[in-house]
Amino acid sequence: MQPTPFQHLFHFTSSIPLPLSLSLSLSLSLSTTDHHPSLHRTTHTTPMAETPIRFGILGCADIARKLSRAITLAPNAALHAVGSRSLDKAAKFAAVNGFPPSARIYGSYDAVLDDPDVDAVYVPLPTSLRVTWAVLAAEKKKHVLLEKPVAFNVSEFDRIAEACESNGVQLMDATMWMHHPRTVKMNEFLSDSKLFGQLKSICMSKCSVLLNFSLIILFD
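The structure displayed is predicted, hence computed values, not measured ones.

Cut-off values and rules
Residues numbered from 1 in each chain as written. Predicted model: local features only at pLDDT ≥ 70, side-chain atom pairs only at ≥ 80, totals over all residues. Heavy atoms only, no water. Helix = DSSP H or I, 4+ residues; strand = E, 2+ residues; numbered from the N terminus. Buried < 20%, exposed > 50% of the residue type's maximum accessible area, 1.4 Å probe, protein only. Contact = heavy atoms within 4.5 Å. Salt bridge = Lys/Arg side-chain N within 4 Å of Asp/Glu carboxyl O. Pairing = 2+ DSSP bridges. Right-handed = clockwise from strand over helix to strand, strands pointing away. Phe/Tyr/Trp six-rings, centres within 6.5 Å; stacked < 30°, edge-to-face > 60°.

**Q** Go over the side chain of H80, please, and point to the residues and values.
**A** Structurally, H80 is set in strand β4 (residues 77-83). Overall, H80 belongs to the buried group, its relative accessible area being 12%. Beyond its immediate sequence surroundings of up to four residues, H80 is in contact with R54, F55, A103, R104, D115, D117 and V118.

**Q** Could you give an account of the pattern of salt bridges, naming the residues involved and the relevant values?
**A** By the definition in use, this model includes 9 salt bridges. Measuring nitrogen to oxygen at the nearest pair gives 3.8 Å for the salt bridge that ties R54 to D117. Within this pair, whereas R54 is found in strand β3 (residues 53-58), its partner D117 is found in the loop between α3 (109-114) and β6 (120-123), the two being separated by 63 residues in sequence. We classify R54 as partly exposed; its relative accessible area is 30%.

**Q** I'd love a proper account of the pairing of β4, names of residues and values included.
**A** Along β4, 6 of the 7 residues are buried, which leaves the element largely enclosed by surrounding structure. As paired strands, β3 and β4 are joined by 6 bridges and run parallel to one another. What sits directly across from I53, in β4, is A77. Handedness of the β3-helix α1 (residues 62-73)-β4 crossover: right-handed. Note that β4 and strand β5 (residues 104-106) share 3 bridges and pair parallel. In the sheet register, V82 faces β5, and the bridge partner there is I105. In the classification by handedness, the crossover that spans β4, the intervening helix α2 (residues 87-96) and the parallel β5 is right-handed.

**Q** Residues and numbers for unusual backbone geometry, please.
**A** Most of the time, phi is negative for any residue but glycine, and the peptide bond is trans. A cis amide bond links K148 with the next residue in sequence, P149, at an omega value of -10°. Residue placement: P149 occurs in the loop between β7 (143-146) and α5 (154-166).

**Q** Describe the packing of aromatic side chains, and please don't skip the residues or the numbers.
**A** Here the structure, examined in full by the defined rule, presents 3 aromatic pairs. Summarising the aromatic geometry, the rings of Y109 and W133 are spaced 5.2 Å apart at their centres and angled 85° between planes, so their arrangement reads as edge-to-face. Of the two residues, Y109 is situated in helix α3 and W133 in helix α4 (residues 127-139); the sequence distance between them amounts to 24 residues. The exposure class of Y109 is buried, given its relative accessible area of 10%. Under the relative-accessibility criterion, W133 is labelled buried at 12%.

Below you can see the structure in the form of structure tokens.
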């Protein structure tokens, strides 16, 4: 499989707080799975692309603010375009989220997909809209980064995956944890019997912080 812009993607930098922003330092390598070839995520590190990946963003969701910052920080990615159903909203989003003066502002999602200079699109639209716009993006030969969850069900995901495969573009979901340098270091430590011993079992809890209410909720 020939390298493409999503062949190396999506790595939080250790200098940025884990839940807050992502840095696309191009360290993802996609390998083969039984169900969908070339769509499996791994943590193999590959050389950074020489030419920055030009990203277009569909919509102005809050989560897109964080990813915009990450793209700006990444040395091998660039904010190229943003589209919204409202041109004014797209312009305001670009202005407050560090888009360069050269960034293109569009009053529709279609216009982002029609931009020949967009290499990849980030889709933070509501889950109900993701299958439609992911498929359209693939058909326009754009690599696709989908906010999680990528779809409502397996059938919808299959449509997205098949569209990406048939059009020769790569698909990723925005699950950052497995690509974070901390995760790699944790795996190295836990796998070293001389440093850690032999791992017998794992007990895991999920912690979510609701900042608006200053609450911490644990899910066992």
